[in-house]
Amino acid sequence: MPMRDYLNCELCPRRCGVDRSVKKGFCGQTDALRIARAGLHLWEEPCISGIRGSGTVFFSGCTLRCCFCQNYEISQENKGYNISVDELADIFLDLQEQGAHNLNLVSPTQFVPSMIKALDIAKPRLKIPVVCNCGGYERVETVKMLDGYVNIWLPDLKYFSPEASKRYSLAEDYFEVASRAVKQMQKQVGKPVFGEDGLLKKGVLMRHLLLPTLRHDSAEVIRFLGESFDPDDILLSVMSQYTPMNRAKDYPEINRRISTFEYNYVLGEAEKYGFEGYSQERDSANGCYVPPFEGEKIP
Ligand code: SF4
């Protein structure tokens, strides 16, 4: 029996309105729940990865179409395998059994109704926080569907300019939509709360992946955050790990790593607003996180 939300799908801002029991939407997914990978992941921010790792589940498909996506085989080429809701619940519990500090659900928007069912099944035995790791391009209505299910929102607020979001992710309305969504996320989970183990249990960890040549756009994103939130409302993670992948070579201006000058410029903007958070080693091949911003302190 197909789930109601998939029959006239408007789960994300694309609002395709397609019947996913017979047809794929923009995200490339039918109503068949599909994931590509599940396992412990050590390369998120330290308050998420901890020492044992974050229990990550990568969902197939995506509602964005980023030309530089490093997971493009999963997000754009449909890599993955179909599973049932019961199997997804088992995966959640198995990750917990393996020692995961949290469940880390990567790009799940196109499968939110199935994910909610799986969380309902796992709930009586699930003790670890649930992280929603997404591109920020969410409808407020869909964020609300996850109220009470998601403890930690981990959105990447990518762009301010509609020209940039259209050119690189085929989403001209990105900032208009994402700026509303991230406010709703913060409203639902409140200020960051850490456990005695130093790991995040609740809150919004706002990411921003800096792209080459777009430092002024990044500054606008940071300004929006500074004007919308108090410094202790969210954590901020300014990411330097951009590597031109997928179709980035077709866009000469972003077909390179970011420079130290660009990164330091954006870090400087972030520091102005007093957010606590994370930066990344510029010379680190694996993009290790370096908590916290200079002069700031993670609890
Ligand atoms: S989740 Fe997929 S099918 Fe549904 S509105 Fe978004 S892109 Fe379209």
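These lines cover the structure that appears in this document, whether it is placed above or below.

Moving on, we come to the overall build of the protein chain. A tally of helices and strands in the protein chain yields ten helices and eleven strands. A compact globule built from 299 residues would reach a C-alpha radius of gyration of about 19 Å, and the protein chain, at 18 Å, matches this within 12%. Principal-axis analysis of the C-alpha atoms gives the protein chain an extent of 55 × 45 × 35 Å. Of all intrachain contacts in the protein chain linking residues separated by at least 6 positions in sequence, the fraction that spans at least 24 positions is 69%.

Further remarks concern the environment of D94. Take D94: it is sitting in helix α4 (residues 85-97). Sequence separation between D94 and G39 is 55 residues, and the spatial gap between their C-alpha atoms is 9.3 Å.

Counting residues in each nonpolar core, the largest one holds 81 residues, and the members touching the most others are F68, F92, W153, Y168 and L225. At eight residues, helix α8 (residues 174-189) tops the list of elements feeding residues into this core. Setting aside its immediate chain neighbours within four residues, W153 contacts C132, C134, V143, L146, M185, Q188, V189, G203, V204 and L205. Formed by ten residues, the second largest nonpolar core is a distinct cluster that contains V131, L205, L235 and Y278.

With that settled, the discussion passes to the site of the ligand. Around the ligand, the structure places C9, L11, C12, R14, R15, C16, R20, G25, F26, C27 and Q110. Classifying every residue of the shell around the ligand by side-chain character gives six nonpolar, two polar and three charged.

For the rest of this paragraph, the subject is a negative patch on the surface. Taken together, the side chains of D86, E87, D90, D94 and E97 define an acidic patch exposed on the protein surface. With respect to the helices, strands and loops of the structure, D86 is situated in helix α4. The class for D86 is partly exposed, based on a relative accessible area of 47%.

Let us look at the pattern of salt bridges. Between side chains of opposite charge, a pair can form when the charged atoms approach closely. Across all of its chains, the model carries 14 salt bridges by this definition. With a shortest N-O distance of 2.9 Å, K201 and D197 are connected by a salt bridge. Salt bridges here are not isolated pairs; linked through shared partners, they connect E10, R15, R139 and E141.

Now for the packing of aromatic side chains. Scanning all chains against the criterion turns up seven aromatic pairs. Ring pairing ties together the aromatic residues Y137, Y159 and Y174, which thus form one cluster. Taking NZ or CZ as reference, R14 lies 3.8 Å from the ring centre of F26, over its face. The aromatic ring of F58 is capped on one face by R37, whose charged end is 4.8 Å from the ring centroid.

With that out of the way, let us pick up unusual backbone geometry. Excluding glycine, most residues fall at negative phi; most peptide bonds, likewise, are trans. Despite not being glycine, S107 shows a phi value in the positive range, around 50 degrees. Topologically, S107 is positioned in the loop between β4 (103-106) and α5 (112-122). Exposure remark for S107: the relative accessible area of 22% places this residue in the partly exposed category. The residue L170 is not glycine, and still its phi comes out positive at about 55 degrees. On the secondary structure map, L170 appears in the loop between α7 (162-169) and α8. Taking relative accessible area as the criterion, L170 reaches 47% and is therefore assigned partly exposed.

Attention now moves to the environment of A100. Its location among the elements puts A100 in the loop between α4 and β4. Taking relative accessible area as the criterion, A100 reaches 3% and is therefore assigned buried. Residues A100 and S49, 51 residues apart in the sequence, show an inter-C-alpha distance of 8.4 Å.

Moving on, we come to the environment of Y168. For Y168, the location among the structural elements is in helix α7. Judged by its relative accessible area of 4%, Y168 is buried. As a C-alpha pair, Y168 and C66 span 102 residues in sequence and 5.5 Å in three-dimensional space. Sequence-distant contacts of Y168, that is, excluding residues within four places in its chain, are made with R65, C66, C67, F68, Y159, L211, L214, Y251, E253 and I254. Separated by 2.5 Å, the side chains of Y168 and E253 make a polar contact.

Our next topic: α5. Across the eleven residues that make up α5, a large majority, eight, are buried. All buried positions along α5 are accounted for by V112, P113, S114, M115, I116, A118, L119 and A122.

Before going further, it helps to examine α8. A rise of 1.5 Å per residue sets the reference length of α8, with its 16 residues, at 22 Å; its end C-alpha atoms lie 22 Å apart and thus fit the reference within 8%. Counting buried residues along α8, twelve of its 16 residues qualify, which places the element largely inside the surrounding structure. When α8 is considered as a whole, its buried residues turn out to be Y174, F175, V177, A178, S179, A181, V182, Q184, M185, Q186, Q188 and V189. Packing partners of the buried residues in α8 comprise β5 (130-134), α6 (140-145), β6 (152-155), α7, β8 (200-209) and α9 (215-228).

Calculation rules
- Sequence order as written defines the numbering, with residues in each chain counted from 1.
- Predicted model: local features are reported for residues with pLDDT of at least 70 only, side-chain atom pairs are reported and counted for 80 or more only, and whole-chain, interface and lining totals are derived from all residues.
- Side-chain metrics in this entry use all non-hydrogen atoms of the structure; hydrogen atoms and water are not considered.
- By definition, any uninterrupted DSSP run of H or I lasting at least four residues is a helix, any uninterrupted run of E lasting at least two residues is a strand, and each is numbered from the N terminus.
- Just to be clear, the radius of gyration here is over C-alpha atoms, and the globule rule we use is 2.2 Å times residues to the power 0.38.
- Residues are treated as being in contact if the distance between any of their heavy atoms lies within 4.5 Å.
- Buried Ala, Val, Leu, Ile, Met, Phe, Trp, Tyr and Cys residues that are joined via side-chain atoms within 4.5 Å together make up what is termed a nonpolar core.
- Accessibility here uses a 1.4 Å probe with only protein chains present; expressed as a share of the type maximum, an area under 20% marks a residue as buried, one over 50% as exposed, and anything in between as partly exposed.
- In this text, near means that some heavy atom of the residue lies within 4 Å of the molecule or strand in question.
- Amino acids are sorted into nonpolar (Ala, Val, Leu, Ile, Met, Phe, Trp, Tyr, Cys and Pro), charged (Asp, Glu, Lys and Arg) and polar (every other residue, Gly among them).
- Residues form patches when they are more than 30% accessible in relative terms and have no salt bridge. Like charges link within 9 Å. Nonpolar side chains (Val, Leu, Ile, Met, Phe, Trp, Tyr) link within 5 Å.
- Here, Shrake-Rupley sampling with a 1.4 Å probe gives the accessible areas, and only protein chains in the shown set may cover a residue.
- We define a salt bridge as a side-chain nitrogen of Lys or Arg found within 4 Å of a carboxyl oxygen belonging to Asp or Glu.
- Only four residue types enter the tally: Lys and Arg on the positive side, Asp and Glu on the negative side, with His and both chain ends excluded.
- A single reference atom marks each charge: NZ on Lys, CZ on Arg, CG on Asp, CD on Glu.
- The criterion for an aromatic pair is that two Phe, Tyr or Trp rings (for Trp, the six-membered ring) have centres within 6.5 Å, with stacked assigned to planes under 30 degrees apart, edge-to-face to planes over 60 apart and tilted to the rest.
- A positively charged side chain is recorded as over a ring if its NZ (Lys) or CZ (Arg) lies within 6 Å of the ring centre. The angle to the ring normal must also be within 35 degrees.
- Distance and chemistry together define a polar contact, namely a pair of N or O atoms within 3.5 Å, with one atom able to donate a hydrogen and the other to accept it when in protein, and with adjacent residues in sequence counting only for side-chain atoms on both sides.
- Between the first and last residue of a helix there are one fewer steps than residues, each counted as 1.5 Å, and that sum is the expected span.

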